[in-house]
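# Notes for the structure review
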Amino acid sequence: MSTSSTYAVTGMTCGHCVSSVTEEVGEIAGVSDVRVELESGRMTVTSDAPLKAAAVRAAVEEAGYQLADAT
């Protein structure tokens, strides 16, 4: 069974930003899908099991952006 979580990412301004965030978050173990909406800054992550917020935050920061509180 998979689980889905939605996060808010700040600082993205273009398609390259979306690609960077998608790539970094997609490398977290267990992640099966990452969908990022540039206009809203929303990111939906589907994974095999619930992810640790710290892992998601670290991946977003590695891409050069900030993770707001989970929604």
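Structure shown above.
Notes on the structure follow. (Residues numbered from 1 in each chain as written. Predicted model: local features only at pLDDT ≥ 70, side-chain atom pairs only at ≥ 80, totals over all residues. Heavy atoms only, no water.)

## Topic: helix 1 (residues 15–26)
Formally: Only DSSP runs of H or I reaching four residues or more are called helices, and only runs of E reaching two or more are called strands; each is numbered from the N terminus. Take the number of residues in a helix, subtract one, and multiply by 1.5 Å to get its expected span. Note on definitions: a residue-residue contact is assigned when non-hydrogen atoms from the two residues lie within 4.5 Å.
If you check helix 1, its first and last C-alpha atoms are 16 Å apart, about what 12 residues at 1.5 Å a residue would give, namely 16 Å. Lining the buried residues of helix 1 we find strand 1 (3–10), strand 2 (31–36), strand 3 (42–47) and helix 2 (53–62).

## Description of the sheet that holds strand 3
Let me state the cut-off plainly: For two strands to be treated as a pair, DSSP must find at least two bridges joining them. Convention adopted: a line fitted to C-alpha atoms gives each axis, helices being fitted over their contacting stretch, and angles between N-to-C directions are expressed from 0 to 180 degrees.
What the 4 strands build is an open sheet, ordered 2-3-1-4; its pairing is antiparallel. At either end of the open sheet lies a strand with only one pairing partner, and these are strand 2 and strand 4 (66–67). As paired elements, strand 1 and strand 4 share 2 bridges and run antiparallel to each other. Looking at the pairing, Thr 10 lines up with Gln 66 of strand 4. Running over the sheet, helix 1 touches strand 1, strand 2 and strand 3 and is turned about 160° from strand 2.

## Digging into the packing of helix 1 against helix 2
Between two packed helices, what matters for the description is the angle formed by their axes and the separation of those axes. So the rule is basically this: For classification purposes, an angle smaller than 35 degrees is called roughly parallel, one larger than 145 roughly antiparallel, one from 65 to 115 roughly perpendicular, and anything else oblique. Put simply, a crossing is left-handed when the front helix is turned counterclockwise from the back one by less than a right angle, and right-handed when it is turned clockwise. Charged residues are taken to be Asp, Glu, Lys and Arg, nonpolar residues to be Ala, Val, Leu, Ile, Met, Phe, Trp, Tyr, Cys and Pro, and polar residues to be all remaining types, Gly included.
Interaxial distance between helix 1 and helix 2 falls to 8 Å at its minimum, and their mutual angle equals 140°. By the angle between their axes, helix 1 is oblique relative to helix 2. Here helix 1 runs over helix 2; the crossing is right-handed. Along its contact with helix 1, which presents Val 21, Glu 24 and Val 25, the element helix 2 presents Ala 59, Val 60 and Glu 62. Looking at the contact of helix 1 with helix 2, its residues break down into 4 nonpolar, no polar and 2 charged.

## Describing the pattern of salt bridges
Formally: Every case where a carboxyl oxygen of Asp or Glu lies within 4 Å of a side-chain nitrogen of Lys or Arg is listed as a salt bridge. In this scheme, a residue with accessible area under 20% of its type's maximum is buried, one over 50% is exposed, and one in between is partly exposed, where area comes from a 1.4 Å probe on protein chains only.
Inspection of every chain in the model, using the stated rule, returns 2 salt bridges. For Arg 35, the salt bridge is made with Asp 33, and the minimal N-O distance between the two is 3.1 Å. The exposure class assigned to Arg 35 is exposed, which follows from its relative accessible area of 57%. Judged by its relative accessible area of 26%, Asp 33 is partly exposed. The partner of Arg 42 in a salt bridge is Glu 37, with the nearest N and O atoms 3.3 Å apart. Exposure remark for Arg 42: the relative accessible area of 42% places this residue in the partly exposed category.

## Quick look at the nonpolar core
As a reminder of what qualifies: In this description, a nonpolar core means a group of buried Ala, Val, Leu, Ile, Met, Phe, Trp, Tyr and Cys residues linked to one another through side-chain atoms lying within 4.5 Å.
Residues Val 21, Val 25, Met 43 and Val 60 are the most contacted members of the largest nonpolar core, which totals 20 residues. Going through the elements one at a time, strand 1, helix 1, strand 2, strand 3 and helix 2 are the ones with two or more residues in this core. Among the elements that line this core, the one with the most residues is helix 1, at 4 residues. Those residues in contact with Val 60 that sit more than four places away from it in its chain are Val 9, Val 21, Val 25, Met 43, Tyr 65, Gln 66 and Leu 67.

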